[in-house]
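Chain by chain, the residues run as shown.
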Amino acid sequence: MRLAIDASHGVRGTTSPNPPVGAVILDASGAVVGVGATRPPGGAHAEVVALAEAGERARGGTAVVTLEPCNHRGRTGPCSQALIDAGVAAVHYAVSDPNPAAAGGAQRLREAGVTVSAGLSADDVEHGPLRAWLHRQRHGRPHVTWKFAATLDGRSAAADGTSQWITGPEARARVHADRARLDAIVVGTGTVLADDPWLTARLPDGSLAPHQPLRVVVGTREIPPTAKVLDDAAPTLVLRTHDVDDVLVALADQDDVLIEGGPRLAGAFLAAGRVDRVQAYLAPVVLGAGSHAVEDAGVHTIAEALRFRRESVETIGDDLLLNLIPRGIRS
Ligand SMILES: NC(=O)c1ccc[n+]([C@@H]2O[C@H](COP(=O)([O-])OP(=O)(O)OC[C@H]3O[C@@H](n4cnc5c(N)ncnc54)[C@H](OP(=O)(O)O)[C@@H]3O)[C@@H](O)[C@H]2O)c1
């Protein structure tokens, strides 16, 4: 399952609206003979990719999959049938398919005499590679992460508006690696006008990563046609609205959406209760003046404070990364 999870992480951001699934085939002696992950929409599902690599060695073997094999004939045939046709004797999967159109794969496999078990490493998969896809299946909207960088005194830009860079090179490299696995990055017009960010995912050598998320700019002000975010390095959507739910409806086909700021857009998403996870980069830096990471999150008194619980804390170079989940939301 660890191998299947790693394979699925590698295709995150490239499979929407399909889930990023990983699959491993073991032969009858338990040796790994095939590893696969979901191809982009219209392409093969993970099980089919892994079975193709395994060939005849799958017969009498075991399939380990992060998601229940599907049972519907969409653009590709049902994976449950492909596993049966390949002669696989046992299937272990992590998470059941919540999509009624695709569920039923486990039952079909059992009816064909295949040994099936569910729940293997389910937590790691639910909170890992399938987190955003499962969120969209369950809530009908993308999974929203709000990411920001702040100083020890909670500033996200200096008094003159400059904010590049608050964090160190290791944290910035991590941000680029994460971007390459996202479906969309959202900023307000204020950030575009202040920073002219490119919002692309770059490799350590500065070149563009193979997968680029959709860039989204929200707000009513014009942004200059020369803005870097409008170049052809990646697609860009400009949404002339202040309504957070309008933004999420426009992004309804995306699973994994990142709000990169700035403070007013972040405040609007927090006030609307549309932040599902926070990634706070804290840098050992003091500015003493300048804007804060959030403006106007709809809190007027301490009883209304937005509170979060810690999912993990990582040290990245000189900085800390806090992964937080709003209280009341199951991650
Ligand atoms: N440290 C960090 O992590 C980080 C990240 C990003 C930005 N920043 C800093 O943030 C500063 C820019 O701040 P900012 O607040 O102007 O940026 P912003 O939040 O990106 O943009 C604000 C604009 O967003 C639009 N908007 C869309 N929906 C909105 C809503 N519901 N409520 C309010 N506004 C909405 C409005 O545009 P219209 O007025 O056009 O309608 C508003 O003026 C810069 O100094 C930048 O360096 C820091």
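Computed from a predicted structure; not experimentally measured. Residue numbers restart at each chain and count upward from 1, following the sequence in its written direction. Reporting of local features is limited, given that this is a predicted model, to residues whose pLDDT is at least 70; pairs of side-chain atoms are given and counted only at 80 or more, and all residues count toward the totals for whole chains, interfaces and linings.

Remarks on helix 1 (residues 2–9)
Then, in step 1: To sort residues by exposure, count the other C-beta atoms lying within 10 Å of each residue's C-beta; 20 or more gives buried, 12 or fewer gives exposed, and values between give partly exposed, all with C-beta atoms placed from the backbone. Each helix is a run of DSSP H or I of at least 4 residues and each strand a run of E of at least 2, with the numbering of both proceeding from the N terminus. Every buried residue of helix 1 is listed here: A4, A7 and S8. Summarising the axial view, the buried residues of helix 1 lie within an arc of 95 degrees, below the 170-degree limit, and thus occupy one face.
Then, in step 2: Looking at the buried side of helix 1, the elements it contacts are strand 1 (22–26), strand 2 (32–37) and strand 3 (62–67). The directions considered for the arc are those from the helix axis to the C-beta atoms. Any two residues are considered in contact once their C-beta atoms, placed from the backbone, lie within 7 Å.

Topic: the sheet that holds strand 13 (residues 319–326)
Then, in step 1: Read from one edge to the other, the open sheet built from eight strands follows the order 9-8-7-10-6-11-13-12, with strand pairing classed as mixed. A strand with exactly one partner marks an edge of an open sheet, and here the two such strands are strand 9 (236–239) and strand 12 (308–316). The mean inter-strand angle of the sheet, taken between neighbouring strand axes irrespective of direction, is 20 degrees.
Then, in step 2: Of the strand pairs in this sheet, strand 12 and strand 13 are connected by eight bridges, and their pairing is antiparallel. Each bridged residue has a counterpart across the sheet, and for E314 the counterpart in strand 13 is L321.
Then, in step 3: Fitting a line to C-alpha atoms yields each axis, with helices limited to the stretch in contact; the angle taken between N-to-C directions then spans 0 to 180 degrees. Against the sheet, helix 7 (residues 169–179) engages strand 7 (184–188), strand 11 (277–282), strand 12 and strand 13, with an angle of about 120 degrees to strand 12.
Then, in step 4: Set on the sheet, helix 10 (residues 263–271) makes contact with strand 6 (143–150), strand 7, strand 8 (214–218) and strand 10 (256–259); between it and strand 6 the angle comes to about 140 degrees. Should DSSP find at least two bridges between two strands, the strands are regarded as paired.

With respect to the sheet that holds strand 4 (residues 90–95)
Then, in step 1: Overall, mixed pairing links the five strands, which are arranged 2-1-3-4-5 in an open sheet. At either margin of the open sheet sits one strand with a lone partner, and together these are strand 2 and strand 5 (115–118). Going from strand to strand, the sheet's axes swing by 15 degrees on average, the running direction of each strand aside.
Then, in step 2: Bridge analysis of strand 1 against strand 3 gives four bridges, and the strand direction is antiparallel. Following the sheet pairing, A23 is matched in strand 3 by V65.
Then, in step 3: With respect to the sheet, helix 1 is in contact with strand 1, strand 2 and strand 3, its orientation differing from that of strand 1 by roughly 140 degrees.
Then, in step 4: Together, strand 1, strand 2 and strand 3 form the strand contacts of helix 2 (residues 46–54), whose direction differs from that of strand 2 by roughly 150 degrees.

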